[in-house]
Every structure is written in structure tokens, then in C-alpha cells.
Amino acid sequence: MAGSWLTLRRLAIALPVIFTLHAAEEAPRFVSWFNAHVEPDINERLFWSVNATGFVITLVVAAIVAAAPRERAAAMTAVAWVGFLMLANGIFHVAAAIVDGAYAPGVVTALLLYLPVSALIIAAAAREQAMSAMTVAAVALIGGIPMYVHGWLIVVEGGRLF
């Protein structure tokens, strides 16, 4: 059974690697793709600054969960962060590719890594914290609200939240 070896701790430790793979997929084309959709433009420096900040937060969240995987606050922090960083961002990339009818930089890792890992994190947190999957999923969805708004603004309205 997946639950026996896919623990929240193991999944959390994998988050920085998954984040790095996603940023690597985005890097060559994301800025030009983004600027074709949104005003005002961004530049490569801002792209890397945002990704560096996200990476550091991901490292901190992973370290907290690795150090205290049974602590509910650590688990829910990881779920909320993954809800923002991977679940909502993954949905954004898929929606952008559908709306564009073309490749949106980041969509491959969104489909293959971000969305499945989000589901695995939610399931592991629910199992290990003895909470309902719906409650944990709600934490992930609430954590993702800023990214859902940001994604909507980019894909539908040609603007941005941040």
C-alpha cells in the first residue's frame, strides 16, 4: 500500500527537488510566455527572485515536516504551502495550456509532479493526522487562494496579483 512508504516526511523531503524540476522546465520560456499574456511585463531577474523565494520557503517547510512529521501544525503548514505552490500553480499551468491551446511553460511538471504530489501530500497528512481528507483538502484549497486569483488574472484578464 502506498501509505506505508509514502509518508508525509518522505514527500516533504522531495518537495525541493520537485520545485527545482518545475522551475527548470519553466525557465527557458516562462518570462516571454508571461509577458505575452500580462501587463506589466516581468523580467528574468524577477522570475528568478520569485523562484528563489519559493525555493527557500519550500526548504523551510520541508525541514519543519522532516523534523516534526507528527506535529499537526507542521503537517497543515505543508498542506497549505503545497496547496499554494503546487496544487493551485499546477491547475494554473493546465488551465493556461487549455486556454492557449498550446504548451504553457511548466505544464509538464505540473501534470506529472505538482498535481499528483499535491494529492499524495493531502492523503498522507489526512492519514497521519487522523483527519478527514476533505478537511485537509480544504486547507490546501484555502492555501491556494492567492495563486487561484493570480492565475485567473493572468489567464483570463491579462493582469497579475503579484
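Our structure is the block above this text.
Read on for an overview of the structure. (Residues numbered from 1 in each chain as written. Predicted model: local features only at pLDDT ≥ 70, side-chain atom pairs only at ≥ 80, totals over all residues. Heavy atoms only, no water.)

**Brief notes about the pattern of salt bridges**
And then number 1: Applying the stated criterion across every chain yields a total of two salt bridges.
And then number 2: Two residues, Glu128 and Arg70, come together in a salt bridge whose shortest N-O distance is 3.4 Å. Of this pair, Glu128 sits in helix α6 (residues 107-129) while Arg70 sits in the loop between α4 (44-67) and α5 (72-100), and the two are 58 residues apart along the sequence.
And then number 3: For Arg70, a relative accessible area of 60% translates into the label exposed.
And then number 4: Among the charged side chains, a network of salt bridges with common partners joins Arg70, Arg127 and Glu128. (Salt bridge = Lys/Arg side-chain N within 4 Å of Asp/Glu carboxyl O. Helix = DSSP H or I, 4+ residues; strand = E, 2+ residues; numbered from the N terminus. Buried < 20%, exposed > 50% of the residue type's maximum accessible area, 1.4 Å probe, protein only.)

**Some words on the packing of aromatic side chains**
And then number 1: Evaluated as defined, the whole model comprises seven aromatic pairs.
And then number 2: Where Trp33 meets Phe92, the ring centres are 6.0 Å apart and the plane angle is 75°; that geometry is what we call edge-to-face. Residue Trp33 is located in helix α3 (residues 30-37), and its partner Phe92 is located in helix α5; the two are separated by 59 residues in the primary sequence.
And then number 3: Considering the side-chain rings of Trp81 and Phe84, the 5.4 Å spacing of their centres and the 35° angle between planes classify their relative orientation as tilted. Of this pair, Trp81 and Phe84 both sit in helix α5, separated by three residues, roughly a single helical turn. (Phe/Tyr/Trp six-rings, centres within 6.5 Å; stacked < 30°, edge-to-face > 60°.)

**Observations regarding the nonpolar core**
And then number 1: Met86, Ile121 and Val136 are the most contacted members of the largest nonpolar core, which has 32 residues in total.
And then number 2: The set of elements that each furnish at least two residues to this core consists of α2 (8-26), α4, α5, α6 and α7 (133-143).
And then number 3: Take this core: its biggest share by element is 12 residues, from α5.
And then number 4: Apart from the residues lying within four places of it in its own chain, the contact partners of Val136 are Met76, Val79, Ile122, Ala125, Ala126 and Met131. (Core = buried A, V, L, I, M, F, W, Y, C linked by side-chain atoms within 4.5 Å. Contact = heavy atoms within 4.5 Å.)

**Quick word on the packing of α2 against α4**
And then number 1: As a packed pair, α2 and α4 sit with axes 8 Å apart at the nearest point and diverge in direction by 170°. As the angle between them shows, α2 and α4 are arranged roughly antiparallel. The residues of α4 that touch α2, namely those facing Leu8, Arg9, Ala12, Ile13, Leu15, Pro16, Phe19, Thr20, Ala23 and Glu26, are Phe47, Asn51, Gly54, Phe55, Thr58, Leu59, Ala62, Val65 and Ala66.
And then number 2: Of the residues contributing to the contact of α2 with α4, the split by class is 13 nonpolar, four polar and two charged. (Axes fitted to C-alpha atoms, helices over the stretch in contact; angles between N-to-C directions. Parallel < 35°, antiparallel > 145°, perpendicular 65-115°, else oblique. Nonpolar A, V, L, I, M, F, W, Y, C, P; charged D, E, K, R; others polar.)

**Considerations on unusual backbone geometry**
And then number 1: Backbone torsion omega between Glu39 and Pro40 reads -5°, so that peptide bond is classified as cis.
And then number 2: Along the polypeptide, Pro40 turns up in the loop between α3 and α4.
And then number 3: Positive phi is not limited to glycine here, since Ala130 has a value of about 50°.
And then number 4: Among the structural elements, Ala130 can be located in the loop between α6 and α7.

**Here's the deal with the packing of α6 against α7**
And then number 1: α7 packs onto α6 with a crossing angle of 130° between their chain directions and a minimal axis gap of 9 Å. When the interaxial angle is binned, α6 and α7 end up oblique. Where α6 crosses over α7, the handedness of that crossing is right-handed. Where α6 abuts α7, its residues Ile122, Ala125 and Ala126 lie against Ala133, Val136, Ala137 and Ala140.
And then number 2: In the contact of α6 with α7, the residues fall into seven nonpolar, no polar and no charged. (Left-handed = near helix turned anticlockwise from the far one by under 90°.)

Any functional reading would require information beyond the geometric quantities listed.
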